[in-house]
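# Reading the structure
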Amino acid sequence: MSTKGAEDRRCEERGRTGLSARADTNMERFAALVARTLRAPVALVSLVEGDRQVFPGLAGLTGPWAESRQSPLSHSLCRYVVTDGEPLVLTDARLDERVRAVPAVAELGMVAYAGMPLTDEDGRVLGSLCAVDTTARRWTDAELTDLADLAAACSSELRLRLASRAAEDARAAAEEARATAQANAAMLLRASQEMAEATSVQDVRQRLRHLVIGALAPHYIGLSLLRDGRLTRVPDTDGPHEVEEVLGQYDTEAPFPSARALRDRRMIAIPSREDLAARYSPEAVAAFDSLGLTSAVCLPLIASRGPVGVLMVGWNRHHQPDLVEQATLNALASYTAHTVARALFLGERITVARQLQSAMLTDLPATPGLDSAALYRPAATDDMVGGDWYDSFPLPGVDGPVTSSLAITVGDITGHDIRAAALMGQVRSMLRQAVLDHPALGPAAALTALEHACLSLRLPATGSILHARLEHGAAGWALTWSNAGHPPPLLLLPDRSTRRLDQHDVLFYPGLGHPPRTDHRMDLVPGSTLLLYTDGLVDRPGRDVEQAIGTTRALLAAHGERPLPELLETLADEMAGPKADDDVAMLAVRVPLRPHV
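To start, this report covers the structure provided alongside it. (Residues numbered from 1 in each chain as written. Predicted model: local features only at pLDDT ≥ 70, side-chain atom pairs only at ≥ 80, totals over all residues. Heavy atoms only, no water.)

### Quick notes on the nonpolar core
Selection criterion: In this description, a nonpolar core means a group of buried Ala, Val, Leu, Ile, Met, Phe, Trp, Tyr and Cys residues linked to one another through side-chain atoms lying within 4.5 Å. Buried, partly exposed and exposed residues are distinguished by accessible area as a fraction of the type maximum, computed with a 1.4 Å probe on protein chains only: under 20%, between the cut-offs, and over 50%, respectively. Per the convention used, a helix needs a DSSP run of H or I reaching at least four residues, while a strand needs a run of E reaching at least two, with both numbered from the N terminus. The contact criterion used throughout is that any non-hydrogen atoms of two residues lie within 4.5 Å.
In this structure, Met27, Val34, Val45, Leu118, Leu129, Trp139 and Leu147 are the most contacted members of the largest nonpolar core, which totals 27 residues. Those elements that place two or more of their residues in this core are α2 (25-38), β1 (42-49), β2 (52-59), β5 (112-119), β6 (125-133) and α6 (141-180). Setting aside anything within four residues of it in sequence, one finds tryptophan 139 in contact with Leu38, Val89, Leu90, Ala112, Tyr113, Ala114, Ala131, Val132, Asp133 and Leu144.

Shown next as structure tokens:
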């Protein structure tokens, strides 16, 4: 592609993000995060378009540029990141031969600069995420790594916007088909609605089976995805077909009509079995027969970044789609392609969020004189990535008779997406820091310090937290806890009776101006088991929470003698079930009847 063509394509992609010279909430958040993380006076999300750069996200910038959220390219350091496609790191721009004449250096005092490329799915550089300092500064490797990670996250946001825009374009194409094909209009409209709600490839496969109705109503709809140079069939879990297992994968060069549709990037029609046998392999005919088909069409699925698979529509009767039906099927394939691309992209984001969340759920420390176990069970719905977590870590020694001390926490940050998982990670780390910096203070003081930090950093984290410490002295183990709106802990006593520790304060919501948080204390006798849990264990649609907590108490009493990991699995199975609507996190601590030898 020519330089001009590449530039036109880059500008087109930038425009499809919907971002320009106006504030955008997510981009503002990235800029603010860069400024805080790198302690930089100025941070920008800069996108280059034509002869200017625009700032949909900025922090610390003042004056006319901040008001207009744009500047000419003559005043831009970010343009070098876009032009070169590489990070630009300057300790002192005034000493750099290439950029020292840029007006921004002298007029605005942009001296130290660190910018990372923001790219689309094809690696095309759309702009820069940068930090700016007004004095000379040597950026550390850690700072540049943090900036690169934030730029990768910001690029993911841009790519998601592009994928969503592609889905919107596909929806518009289907609306045009509706004007010329009234017979298929309802199907296409329904497709636009259903596909917009699809959250996984399997979900796309299931929705397709119910979409094509009326005159086009097929006997079979198949979906194959392009993965590592091969086509992989997506099985229909509601109506399994043997061929989807036996021929689950095949090469794109295989003598199959679906492979040819992908190679040629066009619809391939199979009007009859005889036509199939004359042009394709015996394996293709056998697959055709096993599905009970008489005719079919195969349509390539082409998304904005290229082919993603093949859609097959087959009939158990002779059927050759006319031009209107072909247009309808092509529109459906376009919907499917962009929806599959979006589902795959969303799946990657969910995987990242799951990994981020899992990284926070570390192994529990071994504590002399205590048994402990934890369990995290994600929601059954793929896109429900929550902010639930548990934590346990030993505390440093403090003055006094305490010989051993352990901090334990269970919390739930509001939200079910990658943002909630990221906020959870920040809150968990900040709470640890607050506790370890002041080990002599109680849980209430730690939660208060956490709220003050979130408020100062403008971290939009809300939810519920139960934070406690267990201290071992001459008299045994003592529990001190503070509850920020979390479900009540349950305590199983040696006689198998249970207690609800109902004392609690308001939800964790920095900035509410609520009263000071309070500590509560009790001794734990040998043989006691303490259970902390998130609301996913007891709060489900159509279920009374208080009744569910009562059921959990009964189960705790009935199975409390089991080893803690087995006990937690039992509680999760009985209360949340195999298809929980929400994440479940649990942490159990037991004081043995006899000390460990």
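Here the narrative resumes.
### Notes on the sheet that holds strand β15 (residues 404-413)
Here is the rule: At least two bridges found by DSSP between two strands is the condition for calling them paired. Where helices are involved, their axes are fitted lines through C-alpha atoms of the stretch in contact, as for all axes, and angles between N-to-C directions lie from 0 to 180°.
Spatial ordering of the open sheet is given by β14-β15-β16-β17-β20, a layout of 5 strands whose pairing is antiparallel. Bordering the open sheet on either side are β14 (387-394) and β20 (520-524), each of which pairs with just one other strand. Averaged over all neighbouring strand pairs, the angle between strand axes comes to 15 degrees, with direction disregarded. For β15 and strand β16 (residues 463-473), the ladder comprises 10 bridges, and the chain directions are antiparallel. Residue leucine 406 lies in a different strand from β16, and its bridge partner there is leucine 470.

### Notes on the pairing of strand β22 (residues 584-590)
Here β22 lies mainly inside the structure; 7 of its 7 residues are buried. Of the strand pairs in this sheet, strand β13 (residues 371-377) and β22 are connected by 7 bridges, and their pairing is antiparallel. Its bridge partner lying in β22, aspartate 371 is registered against arginine 590.

### Quick word on a nonpolar patch on the surface
The condition that has to hold: Here the term patch refers to residues with relative accessible area over 30% and no salt bridge, with like charges joined within 9 Å and nonpolar side chains (Val, Leu, Ile, Met, Phe, Trp, Tyr) within 5 Å. Areas reported here follow the Shrake-Rupley algorithm with a probe of radius 1.4 Å; residue values treat only the protein chains shown as occluding. Each salt bridge in this description consists of a side-chain nitrogen of Lys or Arg and a carboxyl oxygen of Asp or Glu lying within 4 Å of one another.
A contiguous nonpolar surface patch, about 300 Å² in accessible area, is contributed by Leu507, Tyr509 and Leu512. Relative to the assigned elements, leucine 507 resides in the loop between β19 (498-500) and β20. We classify leucine 507 as partly exposed; its relative accessible area is 44%.

### Some remarks on α2
Our working definition: What a helix is expected to span follows from its residue count: subtract one and scale by 1.5 Å. Note: the arc covers the axis-to-C-beta directions of the helix.
For α2, built from 14 residues, the straight-helix expectation of 20 Å at 1.5 Å per residue is met to within 8% by its first-to-last C-alpha distance of 20 Å. The set of residues buried in α2 consists of Met27, Phe30, Ala31, Val34, Ala35 and Leu38. Down the axis of α2, the smallest arc covering the buried residues is 135 degrees, so these residues share one side.

### Looking at unusual backbone geometry
Unusually for a residue other than glycine, arginine 39 sits at a positive phi of about 50 degrees. Under the relative-accessibility criterion, arginine 39 is labelled exposed at 62%.

### Concerning the sheet that holds β19
Spatial strand order, β13-β22-β21-β18-β19: 5 strands in an open sheet with antiparallel pairing. Only two strands of the sheet have a single partner each, and these edge strands are β13 and β19. Within this sheet the neighbouring strands show an average axis-to-axis angle of 15 degrees, counted without direction. Helix α16 (residues 545-559) rests against β18 (490-492), β19 and β21 (529-533) of the sheet, and its axis sits at about 150 degrees to β19. With respect to the sheet, helix α17 (residues 564-575) is in contact with β13, β21 and β22, its orientation differing from that of β13 by roughly 30 degrees.

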